[in-house]
Amino acid sequence: MVSGEVTVRNAVGLHARPATFFIQRANSFKSSIWVEKDDRRVNAKSLLGVLSLGIVKGTVITIIADGADEDEAVEGLVKIIETDFTE
């Protein structure tokens, strides 16, 4: 199991289009992936789950992955958030 922490800097946070892009990227990995905010953890491959966290600009989230490509999953998802979904 691998995890990485990242601050969401995107102006609208992780809502609508950015969340969809994030989830599509998460689904490209075989590992189980979760997003954690405060004490809540949701499936990173679930649009409703991610949206339910209410992630806004400045929110610190933790991305957790467990599986065959866990390192690549965390690295890739942290990177797209850090680059404001421009990748």
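To be clear, the structure that these remarks concern was listed above.
Counting starts from 1 at the beginning of each chain's written sequence and moves along it residue by residue. It should be noted that, the model being predicted, local features are given only for residues of pLDDT at least 70 and side-chain atom pairs only at 80 or more, the latter also being counted only at that level, while totals for whole chains, interfaces and linings use all residues. The side-chain values count all of the structure's non-hydrogen atoms but skip hydrogen atoms and water molecules.

Undergrad: What is the right way to look at the pattern of salt bridges in this model?
TA: Note on pairing: side chains with opposite charge can pair once their charged atoms come close. By definition here, a salt bridge exists when the distance from a side-chain nitrogen of Lys or Arg to a carboxyl oxygen of Asp or Glu is within 4 Å. Tallied over the entire structure, the rule returns one salt bridge. Residue Glu36 is joined to Arg41 by a salt bridge in which the shortest nitrogen-to-oxygen separation is 3.1 Å. Remark: exposure states derive from per-residue accessible area (1.4 Å probe, protein chains only) relative to the maximum for the residue type, with buried under 20%, exposed over 50%, and partly exposed in between. Relative accessible area serves as the criterion here: at 43%, Arg41 is assigned to the partly exposed category.

Undergrad: Looking at this structure, I do not really get the sheet that holds strand E3 (residues 40-43). What am I missing?
TA: Across a sheet, strands are paired by hydrogen bonds formed along the backbone, either parallel or antiparallel in direction. Here we have four strands laid out as an open sheet, ordered E1-E4-E2-E3, and antiparallel in their pairing. Either end of the sheet is taken by a strand with one partner, and the two such strands are strand E1 (2-7) and E3. Geometrically, the sheet is characterised by an average inter-axis angle of 25° between neighbouring strands, direction not taken into account. Sheet analysis places strand E2 (residues 32-37) next to strand E4 (residues 60-66), joined by five bridges and oriented antiparallel. Within E4, the residue paired with Ile33 across the bridge is Ala65. The pairing criterion for strands is at least two bridges between them, as found by DSSP. Here a strand is any run of E in DSSP of at least two residues, a helix any run of H or I of at least four, and the numbering for each starts at the N terminus. Comment: axis = line fitted to C-alpha atoms, over the contacting stretch for helices; angle = value between 0 and 180 degrees taken between N-to-C directions.

Undergrad: For this particular structure, what's the right way to read the side chain of Thr59?
TA: With respect to the helices, strands and loops of the structure, Thr59 is situated in the loop between helix H2 (47-52) and E4. A polar contact is formed between the side chain of Thr59 and the backbone oxygen of Val56, at a distance of 2.7 Å. Distance and chemistry together define a polar contact, namely a pair of N or O atoms within 3.5 Å, with one atom able to donate a hydrogen and the other to accept it when in protein, and with adjacent residues in sequence counting only for side-chain atoms on both sides.

Undergrad: For this particular structure, what's the right way to read helix H1 (residues 16-26)?
TA: Each α-helix turn comprises 3.6 residues. Residues three or four places apart therefore point the same way. Inspection of H1 places Pro18, Ala19, Phe22, Ile23 and Ala26 among the buried residues, and these make up the whole buried set. The buried residues of H1 occupy an angular sector of 130° when projected down its axis, which confines them to one face. Set apart from the buried face of H1 by more than 90 degrees, the exposed residues are Ala16, Arg17 and Gln24. Its buried side turned inward, H1 meets E2, H2, E4 and helix H3 (70-82). Read the arc as the range of directions from the helix axis to the C-beta atoms. Residue contacts are defined here by distance: any two heavy atoms, one from each residue, within 4.5 Å place the two residues in contact.

Undergrad: Whenever I open this one, the environment of Val6 confuses me. Can you help?
TA: Assignment of secondary structure puts Val6 in strand E1. Sequence separation between Val6 and Gln24 is 18 residues; the distance between their C-alpha atoms is 18 Å. Not counting residues within four places of it along the chain, the set of residues in contact with Val6 comprises Thr59, Val60, Ile61, Ile63, Val78, Ile81 and Glu82.

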